[in-house]
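So the chains spell out like this:
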Amino acid sequence: MDNQRPNSDIAFTETVKQLQRRNGSRNAYAKMESRGWQDRITPQLAAFIAQQNSFYLATVNAEGQPYIQHRGGPRGFLRPIDEHSLAMADFRGNRQFISQGNLLDNCKAFIFLMDYANRRRIKIWGEASMVEGDDALLRSVMPDGYAASPERVLLFKVSAWDANCPQHIPRKIDADEVDDMLAKRDRRIAELEALIEQMRR
């Protein structure tokens, strides 16, 4: 982006700023712009990403038609490879190739990460591409022991990112987390029952 412009302009176009002025929020966002959005992957962002097993990838085609694709895998399947790049193994799917085709026409892309359990969300703007034929890179981002067929690497160059407030995010917990909590509860119940039995004796 132009060094004379705040990197938040990737989202706050002049039209958006006009709407902010009209609705009374421009001053607050102007202060935010003076501080700037992050454009590198901080340790805090890397830790957040490492806990996610799901995200949404937005692309747009040559005609300006947007498309959002869900991506999922084991926790940490999307991973930083340097301070400005994220990557993941692109697993064999339904063979539509919509996201890949869109990226050939327009490299602008967007990642939306949602942590429902902790009511946190991260928005990441950047440019993406599909890297084919780089076996070393593919091996480095393929999750160990994951039963999927990797075909290429989705490489995402981060331009800017921002964390949203928790407002209106419903609290949801993944089934594996619920199973873990129930297993811990059951173990504690068994311990207490064994203790009670000892006391009775």
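Everything quoted here is computed from the prediction, not taken from an experiment.

Caption draft 1: Seen up close, helix H2 (residues 26-35). Of all the residues in H2, the buried ones are Arg 26, Met 32 and Glu 33. Around the axis of H2, the buried residues are gathered within 120° of arc, so they sit on the same side. Residues of H2 that are exposed and point more than 90 degrees away from the buried face comprise Asn 27, Ala 28, Lys 31, Ser 34 and Arg 35. Residues of H2 that are buried in the fold lie against helix H1 (14-23). Following H2 by one or two positions, Gly 36 adopts a phi angle in the positive range, close to 85°.

Caption draft 2: View of the side chain of Asn 7. As for its position among the elements, Asn 7 is in the segment before H1. At 2.7 Å, the side chain of Asn 7 forms a polar contact with the backbone oxygen of Trp 37.

Caption draft 3: View of the sheet that holds strand S4 (residues 85-91). The strand order across the open sheet formed by seven strands is S2-S1-S5-S6-S7-S4-S3, and the pairing between neighbours is antiparallel. Each end of this open sheet is capped by a strand with a single partner; those strands are strand S2 (66-72) and strand S3 (79-82). Pairs of neighbouring strands in the sheet enclose a mean axial angle of 35°, with direction left out of account. When strand S1 (residues 54-60) meets S2, the two strands line up antiparallel, connected through seven bridges. Residue pairing for S2: Ala 58 is matched across the bridge by Ile 68. Sheet strands touched by helix H4 (residues 98-105): S1, S2, strand S5 (108-115), strand S6 (120-131) and strand S7 (150-164). Its angle to S1, the strand with the most contacts, is close to 45°.

Caption draft 4: Seen up close, unusual backbone geometry. Residues other than glycine seldom take positive phi values, yet Phe 97 does so here, at roughly 60°. Structurally, the position occupied by Phe 97 is in the loop between S4 and H4. On the accessibility criterion, Phe 97 (39% relative accessible area) is partly exposed. Residues other than glycine seldom take positive phi values, yet Arg 119 does so here, at roughly 55°.

Caption draft 5: Expanded view of the side chain of Arg 71. Position of Arg 71 relative to the elements: it lies in strand S2. Judged by relative accessible area, which is 8%, Arg 71 ranks as buried. Looking at Arg 71, its side chain comes within polar contact range of the side chain of Gln 69, at 2.6 Å. If near-sequence neighbours (up to four positions away) are discounted, Arg 71 is found in contact with Asn 53, Ser 54, Phe 55, Leu 57, Phe 77, Met 88, Asp 90, Met 130 and Leu 154.

Caption draft 6: View of the packing of aromatic side chains. Inspection of every chain in the model, using the stated rule, returns six aromatic pairs. Taking 5.3 Å as the distance between ring centres and 65° as the angle between the ring planes, the aromatic pair formed by Phe 12 and Tyr 29 counts as edge-to-face. One end of the pair, Phe 12, is in the segment before H1; the other, Tyr 29, is in helix H2, with 17 residues separating them in the sequence. Judged by its relative accessible area of 12%, Phe 12 falls in the buried class. Look at Phe 55 and Phe 77: their rings are 5.7 Å apart centre to centre, the planes differ by 25°, and that puts the pair in the stacked class. Of this pair, Phe 55 sits in strand S1 while Phe 77 sits in the loop between S2 and S3; the two residues are 22 residues apart in sequence, bridging distant segments of the chain. Here Phe 55 matches Phe 77 in class, with each residue buried. Three or more aromatic residues joined by ring pairs form one cluster here, namely Phe 12, Tyr 29, Trp 37, Phe 110 and Trp 125. Positioned above the aromatic ring of Tyr 116, the side-chain terminus of Lys 172 is 5.1 Å from the ring centre.

So, how was this worked out
Residues numbered from 1 in each chain as written. Predicted model: local features only at pLDDT ≥ 70, side-chain atom pairs only at ≥ 80, totals over all residues. Heavy atoms only, no water. Buried < 20%, exposed > 50% of the residue type's maximum accessible area, 1.4 Å probe, protein only. Helix = DSSP H or I, 4+ residues; strand = E, 2+ residues; numbered from the N terminus. Arc of directions from axis to C-beta. Contact = heavy atoms within 4.5 Å. Polar contact = N/O pair within 3.5 Å; in protein donor to acceptor, adjacent residues only side chain to side chain. Pairing = 2+ DSSP bridges. Axes fitted to C-alpha atoms, helices over the stretch in contact; angles between N-to-C directions. Phe/Tyr/Trp six-rings, centres within 6.5 Å; stacked < 30°, edge-to-face > 60°. Lys NZ or Arg CZ within 6 Å of the ring centre and 35° of its normal.

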